[in-house]
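# A look at the structure
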Amino acid sequence: MSEYPADTPAQQKLRDILIAEKQEHLYKDWKASDTKEQRKAFYDQIATLDGAYPGGLKAYLASARDLLAASAKGANPLEGWTPSVPQGESLQFGSEAWLQAEDLGSQEVSKCAFVLVAGGLGERLGYSRIKVELPTETASATKYLEYYVKTLLALGDRLPLAIMVSGDTEAMTRQLLKENNDFGAAKGQITLMKQEKVPALQDNDARIAPLSTYEVQAKPHGHGDVHVLLHQSGLVKKWASQGRKWVYFFQDTNALGFRPLLATLGVSKQHNLHCNFLTVPRLPGQAVGGVAKLTHEDGREMTLNVEYNQLGPLLKATVDPRGDVAGADGVHSPYPGNINQFVLACGPYAQTLEKTRGVMGEFVNPKYADSTKTTFKKPARLECMMQDYPKVLAKEEKVGFTSVDAWISFSPCKNATADAATKSPPACALSAEADQYAHCAEMLRWCGCAVEKQSMPEAWGGVAVDNLRPAIVLLPSFATSLKALKGRVPSPKFVTVTERSTLILEGDVTVKSLQLDGGLVVKCAPGASCTIEHCVAANAGFVRGPAPGDAPEATAIRGYVTVRGGDVPSFDFTSGSWVVTSEGSGVVARRAAEEGCAGCVVA
Ligand code: UGB
């Protein structure tokens, strides 16, 4: 038997690659008595790793050796580059410029495709399952993926959605979609693309770390894989050939990310941007990258995200010895905060993918065991980031950003509650939920409705928020733009909502006059419509309380539950036109055509 056994020509080919790449150590514990099945399992994994990476294992290991050598030398990947604040569009929520950008975006959205990166598990969140199944808030319990799909359905007809999943998330994501009939998406509207892991490396020679005799250690390669998968699947090429003009990238737990979408698309169109980052004012030290214009000593220029761990050192080494500090306003970093949501121009993106095969620049971050930098505390792997896309663009390609306030665009659910208590912003389940309500409340205030504000902070699990009440949920089909929202509340001065209230609205609902002190739920499926008129609703509302000890994991990570009071009027119309109004001390629904009749449906 050969020292490096292989049972089939395909296995021999892989073996030859491993030997040529100096990976003999992987065979060290193999015995003559081992079975063909064991060898097959090993080579199957190697084949997957080899097949998934553009250029195969050979290319991966070559890149790893270069990057590990540079890292051991302490090379600075941004050596020679000086940052400055780039040109971009800053949109004030509800301003004339915002409304104009939304109008322009509304004309473009039917030509948009969407990409969700959802290959990561919620390790930082302390949740063992997929994050997209978590509720965006607990009043309506709309799941993240449901919210995203419903947004696409509200924005247009069969807008395509590609979801990047990984070995960790694929099966659960498929199951979630299946159990919920794709949340109403059309057949073929959603495509799943699976990212594979890359080998973990145990030393500077890029020797692959074994996991057991017949398995090697593999780790996620980062969200940058999305470009390779979009290339390999041919999706972007197909979208471009269908006349799609834009591709919007977004991440798994930021439900606010769609509120400024139309305005962001409008900015892309207006400035003819190849790449448009949606950004928020960034706090110094915040764990989001900063979008910067980098100018090299040799004259090269690029506008891109500088990741949060690199921004401080780069600033210190170049323009400000204090590093990552506040700018002129004394509060925010002058560099807009990257939230990993951006729009690419579909045609130019398709052309770039043809040239690059979607490969992003990689980096490695080994944790060295000592100052000799020869051994690692644990195996390291190469990583790549999706927002590094501008690095592969020529100088002439236009890269910009659209900056909007965080309350209307960015509140992800990433941190476990205990960790969140020490962070600002907390970016945990509670803060994401509160921000989800708060931006809807703020939008109604902008329309002119009298919506009370929370008077005292409310804390769960050590995290306190001051915008959890009132809980207002305006689902995407209620309104996707501010103009549409205004049409939904034609007489805002007749709409009042008290602090302790919960209001959930979905679909074709018009709120003409409402005094709410408690809870009200009105949902209209496609084909149904409803007007809320002369409606005074006062009831126990929704109440929050501590999660029981045996609560499922998704509830346990929040630490609280929300319970709807039995007397909360709740209407779920599936067809026809309805009026929801007061009758006696209650709230009833009547068929619009028969207004005044006694026949009514009460929840
Ligand atoms: N993801 C994948 O799909 N595959 C992977 O291999 C890894 C991740 P994280 P990160 O908005 O707060 C990013 O881990 O990488 C998906 C930006 O780099 O939540 O720490 C994953 O499922 C940073 O600049 O974020 O930081 C999730 O949907 C800033 O924008 C998404 O990728 C930061 O996000 C992001 O993964 C932020």
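Everything quoted here is computed from the prediction, not taken from an experiment.

Each helix and strand counted, the chain has 15 helices and 35 strands in total. For a compact globule of 603 residues, the expected C-alpha radius of gyration is about 25 Å, and the chain comes in at 27 Å, within 12% of that figure. Taken along the three principal axes of its C-alpha coordinates, the chain extends 90 × 60 × 50 Å. Within the chain, the proportion of its 603 residues that are buried is 53%. Sequence separation of at least 24 residues holds for 69% of the intrachain contacts in the chain that already meet a minimum separation of 6. If you sum the accessible surface of the chain, you get close to 25,600 Å²; carbon and sulfur atoms cover 51% of it. Averaging the positions of the 63 positive and the 66 negative side-chain charges in the chain gives two centres separated by 3 Å.

Attention now goes to the nonpolar core. Counting 110 residues, the largest nonpolar core has Phe 114, Ile 163, Val 522, Ile 532, Phe 573 and Val 580 as the members making the most contacts within it. Considering every element that reaches this core, the biggest residue donor is helix α13 (residues 429–447), with 10 residues. Two domains each put at least three residues into this core: domain 2 (81–408) and domain 3 (436–599). Aside from chain neighbours lying at most four places away, what touches Ile 532 is Leu 505, Val 509, Thr 510, Val 511, Lys 512, Ser 513, Leu 514, Leu 520, Val 522 and Val 580. Counting 30 residues, the second largest nonpolar core, distinct from the first, contains Val 115, Leu 229, Leu 235 and Met 360.

Here the focus is the site of the ligand. Lining the immediate surroundings of the ligand are 22 residues, of which Val 117, Gln 195, Gln 251, Glu 307 and Gln 387 lie closest. Between the ligand and Gly 289 there is a distance of 3.2 Å, counted from an oxygen atom to a backbone nitrogen or oxygen. In the complex, the protein chains occlude 88% of the 710 Å² of accessible area that the ligand would expose alone. Considering each element in turn, the shell around the ligand owes the most residues, three residues, to strand β15 (residues 333–345). Grouping the constituent residues of the shell around the ligand by class yields eight nonpolar, 10 polar and four charged.

Relative to strand β5 (residues 190–195), strand β4 (residues 161–166) runs parallel, the two sharing six bridges. For Leu 161, the partnering residue across the bridge sits in β5 and is Ile 190. In terms of handedness, the path from β4 via helix α6 (residues 170–179) over to β5 forms a crossover that is right-handed.

All right, on to the pairing of strand β14 (residues 301–306) then. Of all six residues in β14, five are buried, a share of seventy percent or more. Here six bridges tie strand β13 (residues 290–296) to β14, and the two strands are oriented antiparallel to one another. Each bridged residue has a counterpart across the sheet, and for Leu 294 the counterpart in β14 is Met 302. In this structure, the hairpin formed by β13 and β14 is closed by a connection of four residues, where Gly 299 is found at a positive phi of approximately 100 degrees.

Looking now at the environment of Gly 559. Looking at the secondary structure, you find Gly 559 in the loop between α15 (553–556) and β32 (560–564). Sequence separation between Gly 559 and Ala 350 is 209 residues, and the spatial gap between their C-alpha atoms is 45 Å.

The next thing to look at is the packing of helix α4 (residues 96–108) against helix α9 (residues 261–271). Viewed as axis vectors pointing N to C, α4 and α9 meet at an angle of 85 degrees, and their least axial separation amounts to 6 Å. Accordingly, the angle class assigned to the pair α4 and α9 is roughly perpendicular. Side by side, α4 and α9 meet where Trp 98, Ala 101, Glu 102, Leu 104, Gly 105, Ser 106 and Glu 108 of the first sit next to Leu 262, Ala 263, Leu 265, Gly 266, Val 267, Lys 269 and Gln 270 of the second. Of the residues in the contact of α4 with α9, the class split is seven nonpolar, four polar and three charged.

Once that is clear, we can look at the sheet that holds strand β20 (residues 450–451). Read across the sheet, four strands follow the order β20-β24-β27-β30 without closing on themselves; strand pairing throughout is parallel. The open sheet has two edge strands, β20 and β30 (535–538), and neither has a second partner. Pairing analysis gives three bridges linking strand β24 (residues 495–497) to strand β27 (residues 514–517), with the strands arranged parallel. Among the inter-strand pairings, Val 497 is bridged to a residue of β27, identified as Leu 516.

Here we take up the pattern of salt bridges. Counted by the stated rule, this structure contains 31 salt bridges. Note that Lys 28 and Asp 29 form a salt bridge whose closest N and O atoms lie 3.5 Å from each other. Looking at Lys 28, the relative accessible area reads 63%, which means it is exposed. Residue Asp 29 is classed as partly exposed on the basis of its relative accessible area, which comes to 44%. Salt-bridge contacts for Asp 168 lead to Lys 197; the nearest nitrogen and oxygen are separated by 3.5 Å. Taken as a pair, Asp 168 in the loop between β4 and α6 and Lys 197 in the loop between β5 and β6 (198–199) lie far apart in primary sequence, 29 residues in all. On the basis of relative accessible area, Asp 168 is assigned to the partly exposed category, the value being 29%. A single network of salt bridges, built from pairs that share partners, joins Glu 170, Arg 174, Lys 194 and Glu 196.

A separate point is the domain arrangement of the chain. According to the domain assignment, the chain contains domain 1 (9–72), domain 2 (81–408) and domain 3 (436–599). Of note, the centres of domain 1 and domain 3, computed from C-alpha atoms alone, are 57 Å apart.

Once that is clear, we can look at the packing of aromatic side chains. Evaluated as defined, the whole model comprises 27 aromatic pairs. The interplanar angle of 45 degrees and the centroid separation of 5.8 Å between the aromatic rings of Tyr 148 and Phe 258 together place this pair among those described as tilted. Residue Tyr 148 is found in helix α5 (residues 144–155), and its partner Phe 258 is found in the loop between β11 (246–251) and α9; the two are separated by 110 residues along the sequence. Judged by its relative accessible area of 0%, Tyr 148 is buried. With a relative accessible area of 8%, Phe 258 lands in the buried category. An aromatic cluster of three or more residues is present, and its members are Tyr 4, Tyr 27, Trp 30, Phe 42, Tyr 43 and Tyr 214.

Turning to the confidence of the model for the chain, a few remarks are in order. Confidence in the prediction for the chain averages 95 pLDDT; 98% of positions are at 70 or higher. Counting contacts from residues 595–603, a segment whose pLDDT is below 50, to residues more than four positions away or on other chains yields 19 contacts. We note a pTM of 0.95 for the whole complex and an ipTM of 0.97 for its interfaces.

What counts as what
- Residues numbered from 1 in each chain as written.
- Predicted model: local features only at pLDDT ≥ 70, side-chain atom pairs only at ≥ 80, totals over all residues.
- Heavy atoms only, no water.
- Helix = DSSP H or I, 4+ residues; strand = E, 2+ residues; numbered from the N terminus.
- Rg over C-alpha atoms; globule rule 2.2 N^0.38 Å.
- Buried < 20%, exposed > 50% of the residue type's maximum accessible area, 1.4 Å probe, protein only.
- Contact = heavy atoms within 4.5 Å.
- Areas by Shrake-Rupley, 256 points an atom, 1.4 Å probe, with all protein chains shown as cover.
- Lys, Arg positive; Asp, Glu negative; His and termini not counted.
- Charge placed at Lys NZ, Arg CZ, Asp CG, Glu CD.
- Core = buried A, V, L, I, M, F, W, Y, C linked by side-chain atoms within 4.5 Å.
- Domains from an automatic or database assignment.
- Near = heavy atom within 4 Å.
- Polar contact = N/O pair within 3.5 Å; in protein donor to acceptor, adjacent residues only side chain to side chain.
- Nonpolar A, V, L, I, M, F, W, Y, C, P; charged D, E, K, R; others polar.
- Pairing = 2+ DSSP bridges.
- Right-handed = clockwise from strand over helix to strand, strands pointing away.
- Axes fitted to C-alpha atoms, helices over the stretch in contact; angles between N-to-C directions.
- Parallel < 35°, antiparallel > 145°, perpendicular 65-115°, else oblique.
- Salt bridge = Lys/Arg side-chain N within 4 Å of Asp/Glu carboxyl O.
- Phe/Tyr/Trp six-rings, centres within 6.5 Å; stacked < 30°, edge-to-face > 60°.
- pLDDT = per-residue confidence, 0-100.

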